[in-house]
Amino acid sequence: MAAKQSIYAVFDIGKTNKKLILFNEDRQIIDEILHVCTDVLDDDGFPCDHLPRLTQWMQDHWHQLRHHPHYTVKGVNFTAYGASFVHLGADGEPVLPLYNYLKPIPADITAKFYAELAESPADFTAATCSPQLGMLNSGLQLYWLKYTKPELYARIHTSLHLPQYLSYLLTGEKFSDYTSVGCHTALWDFEHDQYHDWVHREGLDEKLAPLTKDSIASVVDGIMVGVGLHDSSAAVMPYLLEVDEPFMLISTGTWWVTINPFNSQPLTPELLRRDVVSFLTPRGQPMRASRAFLGREHDYQVERIAQHFHVKPDFYRSIVLARPYDETTTTFLPACLAGGGPLPDQPEGEWDLTGFRTANDAYQHLIHGLINLLLESMRLVWQGEKIIYVDGGFARNPLFMQTLSWNCPKAEIRTLEVPQATALGALVHLEQGEAWKKTQLLFS
């Protein structure tokens, strides 16, 4: 009988896509299992993830992996979207829905919260690196429950961030991790490196699991089980592995997010107003990131160009050579930034397409316009790093990459096409755990 293959598993739970990804010992992907989970309605009738079904799916797959005829699982970790809590009762079972971070918080609750603070909303926002984002400030979810559903709030014994709930399902161990606490939750005081005063004032600390800096929650039947981490933090990990010198990472999707793992400078109210946030690394160090809604802007303007010039919506995919910026054409005006991004005071309007002769001309101008906005966003976190990585869809757009290179002559623009960077990051994180180092010594 053939020897079993040693593998690692990562449960990667996104808002849209939920996946189980299997890696071999060389960190190569050997299988990917997708889970389509339809939304249900919470107790207020707002859509949310179906927690029982997600839990069942995970436990079923874990059971199958543990008893797989061809695999031996050496370790498992978890990564999930942030701003989400699973609330457990005294018996360790969930007592509330997995509330959606897009669910609105009543205005009077938000007003009450900010009015009770010992500092101005602007100072609070800067201290916690958490712009006012409603439920996306997941700490406010607990506050909202306490004051609008007190009888349900009283049933909560422990609130676990979603990645740590996934880990808890396999270990029974309850932890909080820095990456989940430090993603615009309004819980963490970045200035004093501890939970903010309001967390203690409201008694929320009694419902939060102890914080850990280790990446391993437990060893179950010889299998390393990770603590789990927030997906944005996980996505940076493979890049940290790749180079020894400082770099920035521009992640391009619907949002273009510039992450600088080497910039731990505190935020100011002005930076927060310009869409700069801080995340905590797994070890509790702050790292700065700036955001702009430029992927959405790109798609919106491409649609307009296609309609104006009567071409197919994917016309731009055949354009491979960038052209220098044409000063004589109309100024690019964004339509989708709505007071957000690096230039919140910039006027919005209808970008005039009538001055362009062809769809290609207009698209070249669009890319220059978007890159100019991206550069404004990058400058808010850049400290002169000489290497800039680009990942996501626009890393495969030749015009984007060429134009970015022209505008950053002192930096080297690289792509490190990492398939499933978030899941790979969770695996890399697992390998840094204390228990891991000890057991690897035993095997060597």
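Bear in mind that the values here come from a model prediction, so they are computed numbers and not experimental data. (Residues numbered from 1 in each chain as written. Predicted model: local features only at pLDDT ≥ 70, side-chain atom pairs only at ≥ 80, totals over all residues. Heavy atoms only, no water.)

Enquirer: I keep staring at the domain arrangement of the protein and nothing clicks. Help me out?
Expert: Often, the extent of an interface is quoted as the loss of accessible area upon association of its parts. On domain assignment, one finds that the protein holds domain 1 (5-227) and domain 2 (243-422). For domain 1 versus domain 2, the distance between C-alpha centres works out to 30 Å. Taken together, the contact between domain 1 and domain 2 spans 22 residues of the former and 16 residues of the latter. Between domain 1 and domain 2, a total of about 1,600 Å² is buried, with carbon and sulfur atoms accounting for 66% of that surface. At the boundary of domain 1 and domain 2, one finds zero salt bridges. At the surface where domain 1 touches domain 2, the tally comes to four residue pairs in polar contact (both at pLDDT 80 or more). No other element matches helix H3 (residues 121-128), which puts three residues into the side of domain 1 that touches domain 2. In terms of residue class, the side of domain 1 that touches domain 2 is built from 10 nonpolar, seven polar and five charged. (Domains from an automatic or database assignment. Contact = heavy atoms within 4.5 Å. Buried area = accessible area lost by both parts, 1.4 Å probe. Salt bridge = Lys/Arg side-chain N within 4 Å of Asp/Glu carboxyl O. Polar contact = N/O pair within 3.5 Å; in protein donor to acceptor, adjacent residues only side chain to side chain. Helix = DSSP H or I, 4+ residues; strand = E, 2+ residues; numbered from the N terminus. Nonpolar A, V, L, I, M, F, W, Y, C, P; charged D, E, K, R; others polar.)

Enquirer: What is the right way to read the pattern of salt bridges from this model?
Expert: Once the charged atoms of two side chains with opposite charge are near each other, the side chains can pair. Counted by the stated rule, this structure contains 21 salt bridges. Linking Glu-116 and Arg-201 is a salt bridge whose minimum nitrogen-to-oxygen distance equals 3.6 Å. Within this pair, whereas Glu-116 is found in the loop between helix H2 (107-115) and H3, its partner Arg-201 is found in helix H8 (residues 197-201), the two being separated by 85 residues in sequence. According to the relative accessible area criterion, Glu-116 is partly exposed, its value standing at 31%. Residue classification places Arg-201 among the partly exposed positions, given a relative accessible area of 41%. Salt bridges here are not isolated pairs; linked through shared partners, they connect Asp-42, Asp-43, Asp-44, Lys-103 and Lys-149. (Buried < 20%, exposed > 50% of the residue type's maximum accessible area, 1.4 Å probe, protein only.)

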